[in-house]
Every structure is written in structure tokens, then in C-alpha cells.
Amino acid sequence: MKKSVLLGTFAAAALVSGMASATTLDDVKARGELICGSNTGLTGFGAPDANGEYQGFDAALCKALAAAIFGDASKVKFVPTTGETRFTALASGEVDVLVRNSTWTYSRDNDLKFDFVAVNYYDGQGFMVKKDLGVSSAKELDGATICIQTGTTTELNLADFFKANNITYTPVTVADDSEAQRQYVAGACDAYTTDASGLAASRATLADAANHIILPEIISKEPLGPVVRHGDNQWGDIVRWVYFSLVIAEEKGITKANIEEVASTSTDPEVRRLLGLEGEMGAMMGLDNNWAKNAIAANGNYGEIFEANIGTATPIGLARGLNALWTQGGLQYAPPVR
């Protein structure tokens, strides 16, 4: 009896040990695809195209991550999540990583037990209204009805802003960007509030976009970025450095078009380490040495991804602003590969 109990104890200990040693990377490789928690549909950031394939600024990061792991950017499954369901999906393991305009906050870091591994878009909360409402400032929205997504930082920011300015509002709660836009267009609310980038994305899809204005006030800091679960540092490092590889590529002038030429001619030591020509950088994270080269080749560098999906030449029309490289007055800055 005692022997059986002892063997059972060892078996349980071995099981726990095996579970502890299993990593997200192991799970992803065994499955053969990355599962990326995405937006339900935010044009320019993450939304299905006419063929049902997810495209956008955030979707491109998921594809770069798949390329780094598998050498194939198509090996990613996008799981749509709302403001209320996204963190549950990540915590439960339904998704491997969350890449869908989520704000890095203290409580999400500590109370929800997540790691925000980088900031891929520096943003702030704003307001959109119809021109015929006749307001030019958010401070003129006293008594307005405002569409707002539940389960987001925008709820508290909105309450704080109106309280600070001694004005009142009536919230019209919605589940996601699509519902918010429908309610706003239908006249269920006077204004729609979310991240300024999200407002620009929503306005770009409206048939009468010129009749809608984004008010000048930015009422919060919204550092948006990819999120992983606490406790798997290897996986956090992979997501972090895949993102940083795209930023470094822009810094170094490496593009989707010239990456093969750069790989064959560059004498820059950091470029050679980044592209797997020197050192064993990939092995440190459990990847092969072409991880960054594959990630960059998938959709280009950070600047290329920005301009192709949300930049000034797109209907969304966002300037780089804070998201320019640090060498160009922005905040995008990657640690060195060494």
C-alpha cells in the first residue's frame, strides 16, 4: 500500500514536472500553427478581406511571428475576440498571443497576470462626431450620448474626462468596433469614443467619411501591443524580439524587396546577427537562425507594415507621429541584437 502511494506520488510529480516543462512554443510547434487572438474586424489593423483572410497592421505581426517559427507566414489561425472576451481567451489558452489593439496597464500586468512584451502602436483615446452635431471640442459634449465598448480602458477614461470637466454624458455600451460604428451611424449616440487610431479606421469605412470629424482632444495614453501569459519567458521573448526585428529592419534599411541582397552583401555586424549570418541568436529562443529574416520577409519592416495598412497613403491616413523611429522624433526604439 505504501509502495503504491509512493509510486503514485512520483507519477504525479513527474506529470507536474512534464507540464511545467511544456512551453507555448512546444504547443505551437506540435499543433503546426500559431493561434493569434485578433480583433473582430478593425479595418487596417485586423479584419478579414473579401476572401476571409485576416489583413492589417496587427495581423501582419501575427504573420511575422508564424514566419519566424515555421518559416511560413500562412501558418497562423486568427481567432476574433471582443474587448470583453480577449483576456479570457488568452488566459484559458484558447489563443497563444493577443495582437489586437490592447492597452498596456498596471492592472492587466499584475492582476490579470499578463505580459505586454512591447508597444507596437502608441495611441490615445479620442472622439468622433458627425459634422452636423456642430461641436468642435469634446468639452462641448455636455449631455451627449456616447457609444463606448465594454471591457476596455475607454470606459474609465471617459468617466474621468467628463468628471474633470464638470459635464455629463449617457453611455451607449457596445461589444465591439463594428457594433459601435453601426450604432453611431444609426444615430443611437451623438459621439463614438475609442483609440484615435480606431476612430480613423472606422471613419475610413464610412460612405460619407467627410461628414465625420475626430475632435482634437486626446484624453489618455493608450500604449497598444502584443500580450502573452505570465510565466513563459521564452514565449514572451520570441514575441518581443520578432516585433523588435521589424523595427531594427527599418532602422537598418532592410526591406521585403532587398532582404536577400542585404543578406548577401552587408558587413554590418548587427545586420549579420539579425539575419542569422553570424552567431546563434535563434537558438537562444528555440528557433532557427533565419527567424528574423523570415519574419521581415513576410510583410516587410515595421515602416512598410505601417504604411501599407494604416499610413497616410491609405484611406485610414495615419501619420507616423509617436510611432516614427526614435531617429525621426518618434518612440519606436529597439534594443540591439548582440
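Within any chain, residue numbers begin from 1 and follow the written order of that chain's sequence. pLDDT decides what is reported in this predicted model: residues at 70 or higher carry local features, side-chain atom pairs at 80 or more are listed and counted, and totals for whole chains, interfaces and linings draw on all residues regardless. With hydrogens and water excluded, all non-hydrogen atoms of the structure serve as input to the side-chain values.

A. Local environment of the packing of aromatic side chains. Think of it this way: a Phe, Tyr or Trp ring, Trp meaning its six-membered ring, pairs with another when their centres are within 6.5 Å, and the plane angle makes it stacked under 30 degrees, edge-to-face over 60, tilted otherwise. Applying the stated criterion across every chain yields a total of 18 aromatic pairs. Seen in terms of ring centroids, Tyr121 and Phe306 are 6.1 Å apart; in terms of plane orientation they differ by 5°. Their pairing is stacked. Placement of Tyr121 in strand β7 (residues 121–123) and of Phe306 in helix α13 (residues 302–309) is noted, with a sequence separation of 185 residues between them. Across the pair, exposure class does not vary: Tyr121 and Phe306 are buried alike. Their ring planes at 85° and their centres at 5.9 Å tell us that Tyr243 and Tyr302 sit as a pair that is edge-to-face. With a gap of 59 residues between them, Tyr243 in helix α9 (residues 233–252) and Tyr302 in helix α13 connect regions that are remote in the sequence. Accessibility classification places Tyr243 together with Tyr302 in one group, the buried group. Here Arg320 stacks its cationic end above the ring of Phe306, 5.2 Å away from the centre of that ring. Here a helix means four or more residues in a row that DSSP labels H or I, a strand means two or more in a row labelled E, and each is numbered from the N terminus. Note on classification: 1.4 Å probe, protein chains only; a residue is buried when its accessible area is under 20% of the maximum for its type, exposed when over 50%, partly exposed between these limits. Lysine and arginine charges are scored as sitting over a ring when NZ or CZ, respectively, is within 6 Å of the ring centre and within 35 degrees of the ring normal.

B. Broad picture of the environment of Thr312. In this fold, Thr312 is placed in the segment after α13. Only heavy atoms matter for contacts: two residues are in contact if any of them lie within 4.5 Å across the pair. The contact partners of Thr312, leaving out residues within four places of it in the chain, are Glu307, Gly317, Leu318 and Ala319.

C. The arrangement of the state of the cysteines in detail. The disulfide definition used here is simple: a pair of cysteine sulfur atoms within 2.5 Å. Enumeration over the complete set of coordinates arrives at two disulfides. Covalent S-S linkage joins Cys36 and Cys62, the inter-sulfur distance amounting to 1.9 Å. Here Cys62 lies in helix α3 (residues 57–70) and Cys36 lies in strand β1 (residues 34–39), a separation of 26 residues in the sequence. With a relative accessible area of 0%, Cys36 lands in the buried category. In this model Cys147 forms its disulfide with Cys189; the gap between the sulfur atoms is 2.0 Å. Between Cys147 and Cys189 the sulfur-sulfur dihedral comes to about -100°; the bridge is accordingly left-handed. Here the residue Cys147 occupies a position in strand β9 (residues 144–149), and Cys189 occupies one in the loop between α7 (177–186) and β11 (191–195), the gap between them amounting to 42 residues.

D. Representation of the packing of α9 against α13. Only the stretch in contact is used when a helix axis is fitted, and all axes are lines through C-alpha atoms; the angle between N-to-C directions ranges over 0 to 180 degrees. Between α9 and α13, the shortest axis-to-axis distance is 6 Å and the interhelical angle comes to 95°. Of the possible angle classes, the one that applies to α9 and α13 is roughly perpendicular. Contacts between α9 and α13 involve Tyr243, Leu246, Val247 and Glu250 on the former and, on the latter, Tyr302, Gly303 and Ile305. Residues that form the contact of α9 with α13 fall into these classes: five nonpolar, one polar and one charged. In this scheme, roughly parallel covers angles under 35 degrees and roughly antiparallel covers those over 145, while 65 to 115 is roughly perpendicular and the rest are oblique. We call Asp, Glu, Lys and Arg charged. Ala, Val, Leu, Ile, Met, Phe, Trp, Tyr, Cys and Pro are nonpolar, and the rest, Gly among them, are polar.

E. Just the sheet that holds strand β8 (residues 125–130), in detail. Spatially, β10-β9-β11-β8-β12 is the arrangement adopted by the five strands of the open sheet, whose pairing is mixed. The sheet terminates laterally at β10 (169–174) and β12 (212–214), the two strands that pair on one side only. Averaged over all pairs of adjacent strands, the angle between their axes in this sheet comes to 30°, without regard to strand direction. The criterion for strand pairing is that DSSP finds at least two bridges linking the strands in question. Pairing of β9 with β11 involves two bridges; the strand directions are parallel. Counterpart to Ile146 in the pairing with β11 is Ala191. Sitting on the sheet, α7 touches β8, β9, β10, β11 and β12, and the angle it makes with β11 is about 155°.

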